[in-house]
Every structure is written in C-alpha cells, then in structure tokens.
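# Commentary on secondary and tertiary structure
Here's the letter readout for the chains.
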Amino acid sequence: IIAPAGVAGMTAVLRARQDFGPQPRLQGELLAELGRVQFRLQEVDTSARTLGEAVALLDRHAPLGDSARHRAQAHLARALLLSDGQAAQALAQQALAGCTSAGVWCVQARALAHYALAALGSYQGRNADALAHARAMRDEAFRMPDDEALERIAALETLAGTARNAGQWAEGAAAACV
C-alpha cells in the first residue's frame, strides 16, 4: 500500500525528529530538504512549518556562513511569500547577507533568495526592485555548474516574466529567447 504524499511526508518529518534529535544540525538539514519536497508537492503550509523548524535548528546549531542554513532560509522565504511577506523578505535578506561564498550551495541559496525578493517585489508593485532581483537571480544561476540547467531556465523564466510586468518588453523577450 502506498501512502498519500502528505502522510509519507509527515512520517519522514516525524522520523527526522526522532532519529536525528541528538544531531540537531543534521536534523535541521534533513528537515529543510523534507520541507523543500513538501513545497514541490504543493503542501505550502506544511512546508512552511517544516522549513521553519529547520531554520530554527540551523540558526542555533550551524555556523553563520553555513550554506544549509541559508538555503533553508531562502526556501522558507519562498514558502511564506503569500502568507507573510515581511518574514519572507527578512529571511531572503538574511540568506543573501549570510551566504557569501562562491560555493555552489551558497550560489543556489542566493539565487533562491533573489527569486523570493523578485516575487515579493512583483506582488507589491515594486517593479524596479523586482527586476533588480530577477537579474541578480539570473546572474547567480549562471554561476552554477553547467549541469544546473533547470536553475538557469527558472531564472530566465523569472526574469522574462518580471521584465514583462515592469514594461521592459525587450529584456523580457531576450530572457525568454536565450
């Protein structure tokens, strides 16, 4: 018998809490990955709770520049975009400020944080800010290894839509046609 995604996801979260309690940093990383999967399964509220728990653990047990910590912050920012824009903005800015290395995980965290800020800017009608963050997302995505094509496609898609919304038709078309 196959359990529905939500049941299986909650079972995995419970197991992570039980089995990795003595290793809080590892538990935080695992919860962050589970929260990311929940988000991809469109379980946004559940994802936000799981990611919030992960961020709390990683804030307490991971070093300041730790990429897992900042990826979790960026993922939580994305999950909170529609329900708590102020928290989403603060988390995305923390991820940008804290993950400064050139390592691929930090580059990915910054790209996702810029995505959250671009989306938030668009939702709030701040098109210039949204466009600046969409461009920065694109720039970060193109710093990733060549095998991260999906990240690049997502960044170009975000830039195309954001540019269109900002009335920058030529830039939107160029991003869509790369």
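Above this text is the structure in question.
Think of each chain on its own: its residues are numbered from 1, step by step along the sequence as written. Side-chain atom pairs in this predicted model are given and counted only at pLDDT of 80 or more, local residue features only at pLDDT of at least 70, and totals for whole chains, interfaces and linings cover all residues. The side-chain values count all of the structure's non-hydrogen atoms but skip hydrogen atoms and water molecules.

## A short note on the environment of alanine 170
Under the scheme used here, helices are H or I runs from DSSP no shorter than 4 residues and strands are E runs no shorter than 2 residues, and both carry numbers assigned from the N terminus. With respect to the helices and strands, alanine 170 occurs in helix 9 (residues 169-176). When the C-alpha atoms of alanine 170 and tyrosine 123 are compared, they prove to be 22 Å apart, with 47 residues separating the residues in sequence.

## Quick notes on the state of the cysteines
Here, the term disulfide refers to a pair of cysteine sulfur atoms separated by no more than 2.5 Å. If you walk through the whole model with that rule in mind, you get one disulfide. A disulfide bridge connects cysteine 99 with cysteine 106, and the sulfur atoms are separated by 1.9 Å. On the S-S bond that ties cysteine 99 to cysteine 106, the torsion sits near -85 degrees, and the link is left-handed. For the pair cysteine 99 and cysteine 106, one class covers both residues: buried. We call a residue buried when its accessible area falls under 20% of the maximum for its residue type, exposed when it is over 50%, and partly exposed in between, using a 1.4 Å probe and counting protein chains only.

## Section: the pattern of salt bridges
Criterion for a salt bridge: a side-chain nitrogen of Lys or Arg within 4 Å of a carboxyl oxygen of Asp or Glu. With the rule as written, the count across this model stands at 12 salt bridges. Between glutamate 29 and arginine 25 there is a salt bridge; the shortest N-O distance is 2.3 Å. Of the two residues, glutamate 29 and arginine 25 both sit in helix 2 (residues 24-40), four residues apart, roughly one turn of that helix. Judged by relative accessible area, glutamate 29 falls into the partly exposed class, the value being 25%.

## Let's talk about helix 5 (residues 85-98)
Expected helix span is taken as 1.5 Å per residue step, with the number of steps being one fewer than the number of residues. With 14 residues, helix 5 should cover 20 Å at 1.5 Å per step; its first-to-last C-alpha distance of 20 Å lies within 8% of that length. When we look at burial in helix 5, the residues that qualify are Gly85, Ala88, Leu91, Ala92, Ala95 and Leu96. Down the axis, helix 5 shows its buried residues gathered within 135 degrees of arc, on one side only. Residues of helix 5 that are exposed and point over 90 degrees away from its buried face: Gln86 and Ala97. Each C-beta atom gives one direction from the helix axis, and the arc is the one those directions make.

## Structural notes on helix 2
With 17 residues, helix 2 should reach 24 Å at 1.5 Å per residue; the first-to-last C-alpha distance of 24 Å fits that figure. Within the span of helix 2, buried status applies to Gln27, Gly28, Leu31, Ala32, Leu34, Gly35 and Gln38. Positive phi appears at glutamine 42, one or two residues downstream of helix 2, with a value of about 65 degrees.

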